[in-house]
Amino acid sequence: MTLTVAEYAKHFDMALHLQSSTEQDIREHARAAREANVAACYTNSYWTPVVAEELAGSDVRVGTAISFPYGCTSTAMKFAEIEEGLELGATAVDMVLNIGEFRDGNDALTVRELDGLVERCEGRAISKLIFEVCYLTDEEIARLTRLCSDAGIDYVKTSTGSQGFPTEAQVKIMRDNITNPTTKLKVSGVPRTFTMPASLWLIEKMGVSLIGTRSAAKLVAQYADYLENGI
Ligand SMILES: O=C[C@H](O)COP(=O)(O)O
């Protein structure tokens, strides 16, 4: 069944994670996300109140990125960043895992970070755990997906967009290792050349629920044009 423009837009999280962004850049980004009526608008946590102000009264979620992009701040810092973001109006929280500790086999820390994220978001925001799949083996991706799903994370997310691109094989491994029906899949870190047809393939053929990209509004406009005028 063909997605309406509104349905297509709700498959996108629009993100702006540039060090150079000014407040004006963030406001324009949030306004574009609101206009496109995407699922969520993400920035680094400092900008959460600005995004919350711009999105007030809309059904675009206020997204905040925790320990972004490297994931190796202390667990206490991560939890404090989540709590502050929620107080400032965040309704979607994407946290980067401490990938090095996970690769070292420190599952106790991984589970503590996962549980801490889920507990803090419960009833207040949706939770997403960012993997950075380009640094993980297939077995590690499968195992981490299961740990996330078992912990009740709402979304497992491939990448930050600051390192490598996720591959089709890695996306499939995540999709196939989700153990809990409430956990969904978010693909991010797609190349700048990512196209609207590629997004439809991810959504319709690969079981992807959300795509995170700075180009979300542009893709929504392209999809509207495609429905109206064809290719
Ligand atoms: O959370 C990560 C973002 O969705 C990445 O978007 P980007 O690759 O366009 O910077």
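Residues numbered from 1 in each chain as written. Predicted model: local features only at pLDDT ≥ 70, side-chain atom pairs only at ≥ 80, totals over all residues. Heavy atoms only, no water.

**Digging into the overall build of the protein chain**
So, point 1. When its secondary structure is counted, the protein chain shows 10 helices and eight strands.
So, point 2. Against the 2.2 N^0.38 benchmark of 17 Å for 231 residues, the protein chain shows a C-alpha radius of gyration of 17 Å, consistent with a compact globule.
So, point 3. Projected onto its principal axes, the C-alpha coordinates of the protein chain cover approximately 55 × 35 × 30 Å.
So, point 4. Within the protein chain, contacts between residues separated by at least 24 positions form 71% of all contacts whose residues are at least 6 apart in sequence.
So, point 5. Total accessible area on the protein chain is roughly 10500 Å²; 51% of this is exposed by carbon and sulfur atoms.
So, point 6. Between the averaged position of the 22 positive side-chain charges in the protein chain and that of its 32 negative side-chain charges there is a distance of 2 Å. (Helix = DSSP H or I, 4+ residues; strand = E, 2+ residues; numbered from the N terminus. Rg over C-alpha atoms; globule rule 2.2 N^0.38 Å. Contact = heavy atoms within 4.5 Å. Areas by Shrake-Rupley, 256 points an atom, 1.4 Å probe, with all protein chains shown as cover. Lys, Arg positive; Asp, Glu negative; His and termini not counted. Charge placed at Lys NZ, Arg CZ, Asp CG, Glu CD.)

**Section: the site of the ligand**
So, point 1. Residues in contact with the ligand, as listed here, are Ala15, His17, Lys157, Thr160, Gly161, Ser188, Arg192, Gly212, Thr213 and Arg214.
So, point 2. Separating an oxygen atom of the ligand from a backbone N or O atom of Gly212 is a distance of 3.2 Å.
So, point 3. Contact with the protein chains hides 97% of the accessible area of the ligand, taken as 310 Å² for the molecule alone.
So, point 4. Because more than half of its atoms lie within 2 Å of the grid, the ligand is assigned to the largest pocket. (Near = heavy atom within 4 Å. Polar contact = N/O pair within 3.5 Å; in protein donor to acceptor, adjacent residues only side chain to side chain. 1 Å grid on protein atoms, 1.4 Å probe; cavity = no way out; pocket = protein on both sides within 12 Å on 5 of 7 lines; lining within 4 Å. Sits in = over half its atoms within 2 Å of the grid points.)

**Concerning the layout of surface pockets**
So, point 1. Considered as a void within the structure, the largest pocket measures approximately 490 Å³ in volume.
So, point 2. What lines the largest pocket is a set of 25 residues, among which His17, Phe68, Thr160, Gly161 and Arg214 lie closest to the centre. (Points joined across faces, edges and corners; volume = space filled by probe spheres on them.)

**Looking at empty space enclosed by the protein**
So, point 1. One pass over the structure, following the stated rule, counts one cavity of 30 Å³ or more.
So, point 2. One number sums up the size of the largest cavity: a volume of about 40 Å³.
So, point 3. Lining the largest cavity are Pro191, Arg192, Phe194, Thr213, Ser215, Lys218 and Leu219.
So, point 4. Residue classes in the lining of the largest cavity are distributed as three nonpolar, two polar and two charged. (Nonpolar A, V, L, I, M, F, W, Y, C, P; charged D, E, K, R; others polar.)

**Structural notes on the pairing of strand β7 (residues 184–188)**
So, point 1. Counting buried positions along β7 yields four of five residues, so the element is predominantly enclosed.
So, point 2. Bridge count between strand β6 (residues 155–157) and β7: three bridges; the pairing is parallel. For Lys157, the partnering residue across the bridge sits in β7 and is Lys186.
So, point 3. In terms of strand pairing, β7 meets strand β8 (residues 210–213) through three bridges, oriented parallel. When the bridges of β8 are listed, Ser188 appears paired with Gly212.
So, point 4. Crossover connection from β7 via helix α9 (residues 196–205) to parallel β8: handedness right-handed. (Buried < 20%, exposed > 50% of the residue type's maximum accessible area, 1.4 Å probe, protein only. Pairing = 2+ DSSP bridges. Right-handed = clockwise from strand over helix to strand, strands pointing away.)

**Things to note about a nonpolar patch on the surface**
So, point 1. Taken together, Tyr226, Leu227 and Ile231 make up a surface patch of nonpolar side chains, about 340 Å² in accessible area.
So, point 2. Relative to the elements of secondary structure, Leu227 occurs in helix α10 (residues 216–229).
So, point 3. In this structure Leu227 comes out as partly exposed when scored by relative accessible area, which is 37%. (Patch = residues over 30% accessible without salt bridge, like charges linked within 9 Å, V, L, I, M, F, W, Y side chains within 5 Å. Salt bridge = Lys/Arg side-chain N within 4 Å of Asp/Glu carboxyl O.)

**As for the nonpolar core**
Buried together is how nonpolar side chains tend to be arranged in soluble globular proteins.
So, point 1. Of all hydrophobic cores here, the largest spans 63 residues; its most connected members are Tyr8, Val38, Leu129 and Phe131.
So, point 2. Looking at this core element by element, the count peaks at six residues for helix α7 (residues 138–151).
So, point 3. The contact partners of Tyr8, leaving out residues within four places of it in the chain, are Leu3, Met196, Ser199, Leu200, Ile203, Leu219, Val220 and Tyr223.
So, point 4. Ala39, Ala40, Tyr155 and Leu210 belong to the second largest nonpolar core, which has eight residues in total. (Core = buried A, V, L, I, M, F, W, Y, C linked by side-chain atoms within 4.5 Å.)

Without other data, these values stay purely geometric and don't point to any function.
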